[in-house]
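A structural walkthrough
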Amino acid sequence: MSDPKQVDSVTIARYVDAEMSSAEQVAFEARLRAEPALAEALAEASALRAVFAVARTEEPPVPCGVMRARVLARLQRGAGTEVASSMDGRVERVARWCVLAAAAVFVAALLFVTGVLRLPDSGQLQADSGAELIRALDAQIQAAENVRRPLGR
């Protein structure tokens, strides 16, 4: 179910804005006579509407004449356009260099992946003989076998 206060606020807004049919308006006015809280809420909504109506008719404040003249003079002179255009040129230059650097990295990576930039290969595979590793493993195996063997054998 809807909140009765929310339904009443919508109904009050429709009444204040004259959006009700004549039958709805008659029924609402009957409720207003029967419910003092509803009549009070209608009075508040009407007062708020009146405040906004007054605010809508008022003109916005006019800026100080001196400041307005200074702003207009600066706009007519075109002050600040040199700074903006020089900044635009710097930004474009930096952006151009960044794009070129990214393109160079991309091309180098592509050449490396395709094999064009591989280092010269001697064709021989060189590996450590691993003799020390084999001796260390043999020693561990021997130690493990000695632990398992009975002392008499």
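The present account deals with the structure reproduced in this document.

Attention now moves to the nonpolar core. Formed by I12, V16, M20, F28, L32, L38 and L42, the largest nonpolar core amounts to seven residues. Taken together, the elements giving at least two residues each to this core come down to α1 (4-16), α2 (22-34) and α3 (36-57). Those residues within four positions of V16 in sequence are excluded, and the remaining contacts are L42, A45, S46 and R49.

Tracing the chain through its elements places R31 in helix α2. Once residues lying within four places of it in the same chain are set aside, the contact partners of R31 are D8 and L38. A distance of 2.8 Å separates a polar atom in the side chain of R31 from a polar atom in the side chain of D8.

In this structure the tally under the stated criterion is one aromatic pair. Measuring from ring centre to ring centre gives 4.8 Å for Y15 and F28, while their planes differ by 40°; the resulting arrangement is tilted. Within this pair, whereas Y15 is found in helix α1, its partner F28 is found in helix α2, the two being separated by 13 residues in sequence. On the basis of relative accessible area, F28 is assigned to the buried category, the value being 2%.

How each quantity is defined
Residues numbered from 1 in each chain as written. Predicted model: local features only at pLDDT ≥ 70, side-chain atom pairs only at ≥ 80, totals over all residues. Heavy atoms only, no water. Core = buried A, V, L, I, M, F, W, Y, C linked by side-chain atoms within 4.5 Å. Buried < 20%, exposed > 50% of the residue type's maximum accessible area, 1.4 Å probe, protein only. Helix = DSSP H or I, 4+ residues; strand = E, 2+ residues; numbered from the N terminus. Contact = heavy atoms within 4.5 Å. Polar contact = N/O pair within 3.5 Å; in protein donor to acceptor, adjacent residues only side chain to side chain. Phe/Tyr/Trp six-rings, centres within 6.5 Å; stacked < 30°, edge-to-face > 60°.

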